[in-house]
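Structural features, examined
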Amino acid sequence: MQVAPTTGGSADEPSLLNPGLIACIATAALAGLLFGFDTAVISGTTEAMVRTFHLDPFWLGITVSAALWGTLVGALTAGIPGDRFGSRNTLRVLAVFYVVGGLGCGLAWDWGSLVLFRVIAGLAVGGSSVLAPVYISEMAPPSKRGGLVAAFQFNIILGILLAYVSNAIIASMELGLSDWRWKFGVSAGPAIVFLLLLLRIPNSPRWLVGRGATPEAREALGRIGMTPAQVDREIGAIEQAATAQPAGERLSWRRHSKPIMLAILVAGFNQLSGINALLYYLNDIFAAAGGSLSADMQAVIIGLVNALFTVVGMLLIDRLGRRTLLLIGSAGMAACLSVAGLAMGGMLPAHLVLWALIGFIAFFAPSTGAVIWVYISEVFPTGVRGRGSAVGASTHWGLDAVIAAGFPVVAAMSASLPFLFFAAMMALQFVVVLVYFPETKGVPLEEMERKLGIGAA
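Residues numbered from 1 in each chain as written. Predicted model: local features only at pLDDT ≥ 70, side-chain atom pairs only at ≥ 80, totals over all residues. Heavy atoms only, no water.

1. Overview of the overall build of the protein
Counted only if it meets this: Helix and strand assignments follow DSSP, with helices taken as H or I runs no shorter than four residues and strands as E runs no shorter than two, numbered in order from the N terminus. When accessible area is computed with a 1.4 Å probe and restricted to protein chains, residues below 20% of their type maximum are described as buried, those above 50% as exposed, and intermediate ones as partly exposed. Whether two residues touch is decided by their heavy atoms; if any such pair falls within 4.5 Å, the residues are in contact. The Shrake-Rupley method, run with a 1.4 Å probe sphere, supplies the accessible areas, and residue values consider only the shown protein chains as cover.
Assigned secondary structure in the protein consists of 20 helices and zero strands. Counting only residues that meet the buried cut, the protein has 59% of its 457 residues in that class. Sequence-distant contacts in the protein: of pairs separated by 6 or more residues, those separated by 24 or more amount to 83%. Entry remark: accessible area of the protein is about 16,800 Å², with carbon and sulfur atoms responsible for 69%.

2. Digging into the side chain of S187
Note the cut-off: Whenever a nitrogen or oxygen atom comes within 3.5 Å of another N or O atom, the pair is scored as a polar contact, on the condition that within protein one atom can donate a hydrogen and the other can accept it, and that pairs from neighbouring residues in sequence are kept only if both atoms are in side chains.
The residue S187 is located in the loop between helix 7 (179–185) and helix 8 (188–198) in this model. Take S187: its relative accessible area is 5%, and that puts it in the buried class. Within the local environment of S187, its side chain forms a polar contact with the backbone oxygen of F184, the two atoms lying 3.0 Å apart. The residues touching S187, leaving out its near neighbours within four places in the chain, are L34, F37, D38 and G102.

3. Section: helix 8
We count it as follows: The directions considered for the arc are those from the helix axis to the C-beta atoms.
Within helix 8, burial applies to A188, A191, F194 and L198. Buried residues of helix 8, viewed axially, fall in a sector of 110°; they line one side. Each element contacted by the buried residues of helix 8 is listed here: helix 1 (19–40), helix 4 (87–106) and helix 7.

4. As for a nonpolar patch on the surface
Basically, it comes down to this: Like-charged residues are merged into a patch within 9 Å and nonpolar side chains (Val, Leu, Ile, Met, Phe, Trp, Tyr) within 5 Å, provided each residue has over 30% relative accessible area and no salt bridge. The rule for a salt bridge is simple: a side-chain nitrogen of Lys or Arg has to be within 4 Å of a carboxyl oxygen of Asp or Glu.
A grouping of F430, V431, L434, V435 and Y436 is seen on the molecular surface, where their side chains present a nonpolar patch of about 440 Å² in accessible area. Following the sequence through the fold, Y436 ends up in helix 19 (residues 417–436). Judged by relative accessible area, Y436 falls into the partly exposed class, the value being 31%.

5. A closer look at the confidence of the model for the protein
The following threshold applies: One number per residue, pLDDT, summarises how confident the predictor is, and it ranges from 0 to 100.
Per-residue pLDDT for the protein has a mean of 81; in total, 88% of the residues score no lower than 70. Mean pLDDT across the elements of the protein ranges from a minimum in helix 14 (residues 282–289), with 66, to a maximum in helix 19, with 93. Ignoring residues within four places in sequence, the model shows residues 1–9, a span with pLDDT below 50, making 40 contacts including any to other chains.

6. Focus: the pattern of salt bridges
Taken as a whole, this structure holds three salt bridges when the rule is applied. Ionic pairing is found between K183 and D179, a salt bridge with its closest N-O pair at 3.6 Å. Note that K183 and D179 are positioned in helix 7 at a spacing of four residues, about one turn of the helix. Note on accessibility: K183 and D179 belong to one class, buried. Sharing partners across several salt bridges, the network here consists of D318, R322 and E378.

7. A word on the packing of helix 1 against helix 8
A pair of packed helices can be characterised by two numbers: the angle between their axes and the separation between those axes. As a reminder of what qualifies: Note on method: axes are straight lines fitted to C-alpha atoms, helices fitted across the in-contact stretch only, with angles between N-to-C directions ranging 0 to 180 degrees. Working rule for angles: under 35 degrees goes down as roughly parallel, over 145 as roughly antiparallel, 65 to 115 as roughly perpendicular, anything else as oblique. Crossing handedness follows the turn of the near helix against the far one: under a right angle anticlockwise gives a left-handed crossing, and clockwise gives a right-handed one. Three residue categories are used. Nonpolar comprises Ala, Val, Leu, Ile, Met, Phe, Trp, Tyr, Cys and Pro, charged comprises Asp, Glu, Lys and Arg, and polar comprises the others, including Gly.
Two numbers describe how helix 1 lies on helix 8: the axes approach to 10 Å, and their chain directions differ by 160°. As summarised for this structure, helix 1 and helix 8 are arranged roughly antiparallel, according to the angle between their axes. For helix 1 against helix 8, the interelement crossing comes out left-handed. Contact with helix 1, carried on its side by T27, L30, A31, L33 and L34, involves P190, A191, V193, F194, L197 and L198 of helix 8 and no other residues of that element. Classifying every residue of the contact of helix 1 with helix 8 by side-chain character gives 10 nonpolar, one polar and no charged.

8. Section: the nonpolar core
Put simply, the rule is: Take the buried residues of types Ala, Val, Leu, Ile, Met, Phe, Trp, Tyr and Cys, join any two whose side-chain atoms come within 4.5 Å, and each joined set is a nonpolar core.
Of all hydrophobic cores here, the largest spans 136 residues; its most connected members are F194, F360, W373, W397 and F437. Here the element with the most residues in this core is helix 17 (residues 352–378); it accounts for 15 residues. Setting aside its immediate chain neighbours within four residues, F437 contacts L262, L265, V266, R323, L326, Y375 and V432.

9. Section: the packing of aromatic side chains
Note the following rule: Between the rings of Phe, Tyr and Trp (Trp by its six-membered ring), a pair exists once the centres lie within 6.5 Å; its type follows the angle of the planes, with under 30 degrees stacked, over 60 edge-to-face, and the other angles tilted.
Inspection of every chain in the model, using the stated rule, returns 10 aromatic pairs. Relative to F194, the ring of Y98 lies with its centre 6.5 Å away and its plane at 75°, an arrangement referred to as edge-to-face. Residue Y98 is located in helix 4, and its partner F194 is located in helix 8; the two are separated by 96 residues in the primary sequence. Each member of the pair Y98 and F194 is classed as buried.

Quick look at the structure:
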């Protein structure tokens, strides 16, 4: 919890080995696994859906992006109930959406019903992408906040990897055109586990104090390992920070322009790297590039690299800092995407596509992949953190939907053009981060307003 403006450990911080704190972080981070699975599972279903529903490139793009429009709505709207009813309580509702979306897609009776249930799953993904990082950020010690919020990102990557492995296993079972139903439907299992675990963790102490429920906040702090003296200091720090904020604070451009711009930029560039479009169409990209390995196996390799380098990001984010990782990642991604684009266009050997995308993931995962949800969840004041995070998350998902819908159409015209565009965007991100982004590692949430120069209302 945030009690002292320190970049290192503090005697006021609970032990990271405390079971209560671990349970809170791990449960909220499980939303990331469902997020990642739902994001990547579509890559193994595109061919079957084209044959089942007779889709051309345009309608394939619409089908793939359908969930993302639900995700955009979920991200845009989750901040309001999150701030009003608490992140944990709202996540419980979203867990039900995950279950319904997974089962519904598996049982879909026509194209329209499939799209409907994909939208429902998208609502859950969008809402949890806002509220799970917010919950973790408010529970985590400041010296470890980056790494713990990045656990959400690691679970996203783990979910992506599990989706690729699940797709490969189901494909090996030779179920015919019905295999896409199983690929979608298996996600209901972990969604049920997520719902059950959410019944066992407390609300955020910051949200409780803001609602006048100080006794419950004290109990929650005790459950995550704080001594009575630490609880008293922490409650005092939260109450002091709350009195410095305007009563009934609203998210406004006048007061919050800096964090709003930071959230929009870090989320926008995350998608302008092309990461989700590449994940959605990974099997199609590898099939077009050719190679000795199957598209499913190459996708699994990408998933493993993604998981490995996300762990690297978790280890470095509180040491090197958010800004440094973004700068390193931007330069590396621009180079790798350029190579992939030239290889897809026939100007370099086709076998370089796999190696270029491995390199891209190796730079993406510990940089913008690890930083996005950490940065968005920490730059806004407590009173508007849910709504502010919704701005960043909705930027992420809005661009994701547009890029996912347009990728197959543009790639059909020029296989290299999407990769070269993404490379140019990463070069631009390097410049913007260098000029505009402040470092936030180790800054207590109650000190972030001063750090960012947020003005009075």
